[in-house]
Amino acid sequence: MSKAPDHNQLIEAKFSVKLSDPLRSAGAPRFELVIDEQLATRGVTAVFGPSGCGKTTLLRALAGLQPIHSGVLRVNGVAWHDQAGSLQAHQRPVGFVFQEASLFEHLSVAGNLEFASKRAPERLGPEQIEEITEFLEIDQLLPQKPAQLSGGERQRVAIARALLVSPELLLMDEPLAALDQTRKREILPFLDRLKSELDLPIVYVTHALDEVTRLADDLLIMEKGRVGASGPVDEVLTRLDVPRMLGEEAGAVVEGTVTERDSQWQLLRVDFNGGHLWLRDSGEAIGQCTRIRILARDVSLSLADEQASSILNRLPATVIGMADDTDRAMLLIRLAVGDAMLLARISKKSAFQLRLCQNQQLWVQIKSVAVLH
Amino acid sequence: MPLSTADWAAISLSLQLATVTTCILLLLGTPLAWWLARTGSWLKGPVAAIVALPLVLPPTVLGFYLLMAMSPTGPVGHLTESLGLGTLPFTFWGLVVGSVCYSLPFVVQPLQNAFAAIGQRPLEMAATLRAGAWDRFFYIVLPMALPGFISASVLGFAHTLGEFGVVLMIGGNIPGETRVVSVQIYDHVEALDYAQAHWLAGGMIVFSFLILLLLYLTSDKAAAGSLQLRS
């Protein structure tokens, strides 16, 4: 999904942040974030991890809301923080969306948007402002006060406001976490469109794996103030050391194109870089790009192509790695299917009976797949 | 005409004193309240206690030490004399200094509460929307803390109008210079001129009631809330 980043399209982050206990200013910091990463400023980079892992601190440090203790932060070749000094938050060309919409309650929706557009480095024309309000479908809400809006509407206004400041980088801190399922479903299509229609790199902090698999091009997994794994999302999710952080949700993400509709059996054919899959027809148009998530627990292995099986999707694969699962009875198998990577979670007993070994050719059977969008 | 020329002079002086004092207090009190609302410094407690002292001290105590400080041998008197301003006791500006000290908590506390109520988030949000520190202050803090500014102004003004002890200690009773309404009432009473005292005292009650009523009617709960704090 992501290629090697161009040198001028990078967040070079090599720094540490120390959060100290406000009551004990001296002594060891309460929390320390240490990061040494290069992130592409292109597409969506998801920062994923449990709460308290430092992902929000990382985002705040990028925005200049959290002072960097030591190190360097360079974005697209421009130093935002180094030994010479630090750009303050208002000097950094970022847009920030908090978990709570954080609209200015004393201003109307229009006033909130104007607050941003007036301060954009190059003032936006009325057409551009209209474009953004229409994009987020908030043009009807302009005269209202934030208090009159629903949670989803507030968050859409907050996203529009962040875009109106003409950011070079959009930082989103769990923008869906404060919303219920219905509101989430209301916002997600906007995020899809934000990603596909605007040429704006996004760093997206979340603890929800479904948001990662749906939106992310690159993925950075954090644990206890350190980066556990980072890279293109398809690669990171099929790394054998990563699924342990994900547990039952371990699985691969593949991107494909809808190529055929089988109306007799209500199925869709999706071609991806490992072959093709038949999915239940959920109404996607032919030619549409789609993301598919294949959980490790839904992938089983067989030595031969079992024609006499109820499982539709059977693909030839090569074993390229094995590792213990968190469950002591289980193994995680990393498989190459064409150019794609899949994960399978099988019992150690089955692995023994199949005499699984490195580079072994076999067949994967995919019990079910989830279409992400 | 129930009020004499001297009464009117006292009223005018009181209003001038309260206006000047309130303006100075807003200028001084705003940064002080901001610091108190935001700081994590250990100095916060001691400074807050000093600001609140006039709430509990007898005005004579405050007036006495202000008089000492502003006398030609005191540190403030020394400074004002070396600046060629003369000494402050028994002058209008001496009263202003006294009133500023005396009414400080009535301005700082509502402001501090209003600033604290804004929280960090709107300011961070504004910073990410390219608003610098002054920009944030004028377009986020001021409008969001407006009820706090209104109650701080009203309380500072009304409390300065009502001061007596500090005025008497450092200002004495000079007509047109330091004889404010509260002192004028005292004089009337001393002279057993109760009718005149009634007019002025009653007028003070009505006036104070009206501005507090105006405050409660016009500003929202936040401002009224900070009024419940003291006095």
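Preceding this section is the structure that the text describes.
Residues numbered from 1 in each chain as written. Chains lettered and ligands numbered in written order. Predicted model: local features only at pLDDT ≥ 70, side-chain atom pairs only at ≥ 80, totals over all residues. Heavy atoms only, no water.

Enquirer: Quick rundown of the overall build of chain A? Include the residues and the values.
Expert: If you tally the helices and strands in chain A, you get nine helices and 21 strands. For chain A, the C-alpha radius of gyration of 23 Å lies close to 21 Å, the compact-globule estimate for 373 residues. Dimensions of chain A along its principal axes, counting C-alpha atoms only, are 65 × 55 × 35 Å. Per-residue burial over chain A gives 51% buried out of 373 residues. Across chain A, contacts joining residues at least 24 apart in sequence account for 67% of those joining residues at least 6 apart. When the accessible surface of chain A is split by element, carbon and sulfur atoms take 48% of a total near 17100 Å². (Helix = DSSP H or I, 4+ residues; strand = E, 2+ residues; numbered from the N terminus. Rg over C-alpha atoms; globule rule 2.2 N^0.38 Å. Buried < 20%, exposed > 50% of the residue type's maximum accessible area, 1.4 Å probe, protein only. Contact = heavy atoms within 4.5 Å. Areas by Shrake-Rupley, 256 points an atom, 1.4 Å probe, with all protein chains shown as cover.)

Enquirer: How would you explain the overall build of chain B if you had to name every residue and give the values?
Expert: What chain B contains, in helices and strands, is twelve helices and zero strands. What you see in chain B, going N to C, is helices and strands ordered as α-α-α-α-α-α-α-α-α-α-α-α. Scaling as 2.2 N^0.38, a compact globule of 231 residues should have a C-alpha radius of gyration of about 17 Å, and chain B matches this with 19 Å. Overall, chain B is about 65 × 45 × 30 Å in size when its C-alpha atoms are taken along their principal axes.

Enquirer: Before we move on, can you summarise a negative patch on the surface with the specific residues and values?
Expert: All names here are of chain A. Taken together, the side chains of E127, E130, E131, E134, E137 and D139 present a region of like negative charge at the surface. Within the secondary structure layout, E130 lies in helix α3 (residues 126–135). Exposure remark for E130: the relative accessible area of 47% places this residue in the partly exposed category. (Patch = residues over 30% accessible without salt bridge, like charges linked within 9 Å, V, L, I, M, F, W, Y side chains within 5 Å. Salt bridge = Lys/Arg side-chain N within 4 Å of Asp/Glu carboxyl O. Lys, Arg positive; Asp, Glu negative; His and termini not counted. Charge placed at Lys NZ, Arg CZ, Asp CG, Glu CD.)

Enquirer: Lay out the sheet that holds strand β9 (residues 202–206) of chain A in plain terms, naming residues and giving numbers.
Expert: Residues and elements named next belong to chain A. The strand order across the open sheet formed by six strands is β7-β8-β9-β3-β10-β11, and the pairing between neighbours is mixed. Strands with a single pairing partner mark the edges of an open sheet, and in this sheet they are β7 (94–97) and β11 (226–232). Averaged over all pairs of adjacent strands, the angle between strand axes in this sheet comes to 15 degrees, irrespective of strand direction. Sheet analysis places strand β8 (residues 169–173) next to β9, joined by four bridges and oriented parallel. Paired with D173 across the strands is V205, a residue of β9. Taken strand by strand, helix α5 (residues 181–197) contacts β3 (44–48), β8 and β9, and its axis lies near 160 degrees from that of β8. (Pairing = 2+ DSSP bridges. Axes fitted to C-alpha atoms, helices over the stretch in contact; angles between N-to-C directions.)

Enquirer: Provide a residue-level description of the packing of helix α1 (residues 5–38) of chain B against helix α8 (residues 146–161) of chain B, including the pertinent values.
Expert: All names here are of chain B. α8 packs onto α1 with a crossing angle of 140 degrees between their chain directions and a minimal axis gap of 8 Å. Classified by the angle between their axes, α1 and α8 sit oblique to one another. Viewed along their axes, α1 and α8 form a crossing whose handedness is right-handed. Seen from α1, the contacting residues are S14, L15, L17, A18, T19, T21, T22, L26 and T30; seen from α8, they are F149, A152, S153, G156, F157, T160 and L161. A breakdown of the residues in the contact of α1 with α8 according to their chemical character gives eight nonpolar, eight polar and no charged. (Parallel < 35°, antiparallel > 145°, perpendicular 65-115°, else oblique. Left-handed = near helix turned anticlockwise from the far one by under 90°. Nonpolar A, V, L, I, M, F, W, Y, C, P; charged D, E, K, R; others polar.)

Enquirer: Outline the side chain of S151 of chain B, supporting the account with residue identities and numerical values.
Expert: Residue and element names in this part refer to chain B. By secondary structure assignment, the location of S151 is in helix α8. When its relative accessible area of 0% is taken as the criterion, S151 is described as buried. There is a polar contact of 3.3 Å between the side chain of S151 and the backbone oxygen of G148. (Polar contact = N/O pair within 3.5 Å; in protein donor to acceptor, adjacent residues only side chain to side chain.)

Enquirer: Break down the packing of aromatic side chains for me, with residues and values.
Expert: Any aromatic ring pair is given by two values, namely how distant the centres are and how the planes are angled relative to each other. Residue and element names in this part refer to chain B. Counting across every chain of the model gives ten aromatic pairs over all chains. Relative to F115, the ring of W34 has its centre 5.2 Å away and its plane inclined at 75 degrees; by these criteria the two rings are edge-to-face. Note that W34 is positioned in helix α1 and F115 in helix α5 (residues 92–118), a separation of 81 residues in sequence. Measuring from ring centre to ring centre gives 5.9 Å for F115 and F149, while their planes differ by 65 degrees; the resulting arrangement is edge-to-face. (Phe/Tyr/Trp six-rings, centres within 6.5 Å; stacked < 30°, edge-to-face > 60°.)

Enquirer: Please provide a residue-by-residue account of the interface of chain B and chain A, values included.
Expert: Counting from both sides, the interface comprises 17 residues of chain B and, opposite them, 23 residues of chain A. Between chain B and chain A lies a buried interface of about 1800 Å² when both sides are counted; carbon and sulfur atoms form 63% of it. The largest per-residue losses of area from chain B upon contact with chain A belong to M125, L129 and R130 of chain B, which jointly make up 41% of the total buried on that side. Seen at the junction of chain B and chain A, the total is three salt bridges. Residues R60 of chain A and E124 of chain B are paired through a salt bridge, measuring 2.6 Å at the closest nitrogen-oxygen approach. (Buried area = accessible area lost by both parts, 1.4 Å probe.)

Enquirer: Account for a nonpolar patch on the surface, naming residues and giving values.
Expert: Residue and element names in this part refer to chain B. A cluster of nonpolar side chains, V206, F209, L210, L213 and L217, forms an exposed patch at the surface whose accessible area comes to about 500 Å². Within the secondary structure, L217 is located in helix α11 (residues 194–218). Judged by its relative accessible area of 65%, L217 is exposed.

Enquirer: Now, about the nonpolar core: what can you tell me, with residues and values included?
Expert: Ranked by size, the top nonpolar core spans 109 residues in total, and within it F15 and L191 of chain A carry the most contacts. With twelve residues, the top contributor of residues to this core is α5 of chain B. L191 of chain A has contacts with I159, M172, L176, Y204 and L215 of chain A, leaving out every residue within four places of it along the chain. If you look at the next biggest cluster of nonpolar residues, it comprises 28 residues, including V258, L277, V319 and A340 of chain A. (Core = buried A, V, L, I, M, F, W, Y, C linked by side-chain atoms within 4.5 Å.)

Enquirer: Go over the sheet that holds strand β19 (residues 340–347) of chain A, please, and point to the residues and values.
Expert: Residue and element names in this part refer to chain A. Pairing is antiparallel across the open sheet formed by five strands, whose spatial order is β16-β20-β17-β18-β19. Each of the sheet's edge strands pairs with one partner strand only, and the pair in question is β16 (299–302) and β19. Neighbour-to-neighbour, the strand axes of this sheet turn through a mean angle of 45 degrees, independent of strand direction. Of the strand pairs in this sheet, strand β18 (residues 330–337) and β19 are connected by eight bridges, and their pairing is antiparallel. Bridge pairing in β19 links L332 to R345.

Enquirer: An account of unusual backbone geometry is needed here, citing residue identities and associated values.
Expert: Peptide bonds are, in most cases, trans, and in most cases residues other than glycine have a negative phi. Residues and elements named next belong to chain A. The phi dihedral of E174 is positive, around 45 degrees, even though this residue is not glycine. Looking at where E174 falls in the secondary structure, it is placed in the loop between β8 and α5. A relative accessible area of 9% places E174 in the buried class.

Read these as spatial facts, not as claims about activity.
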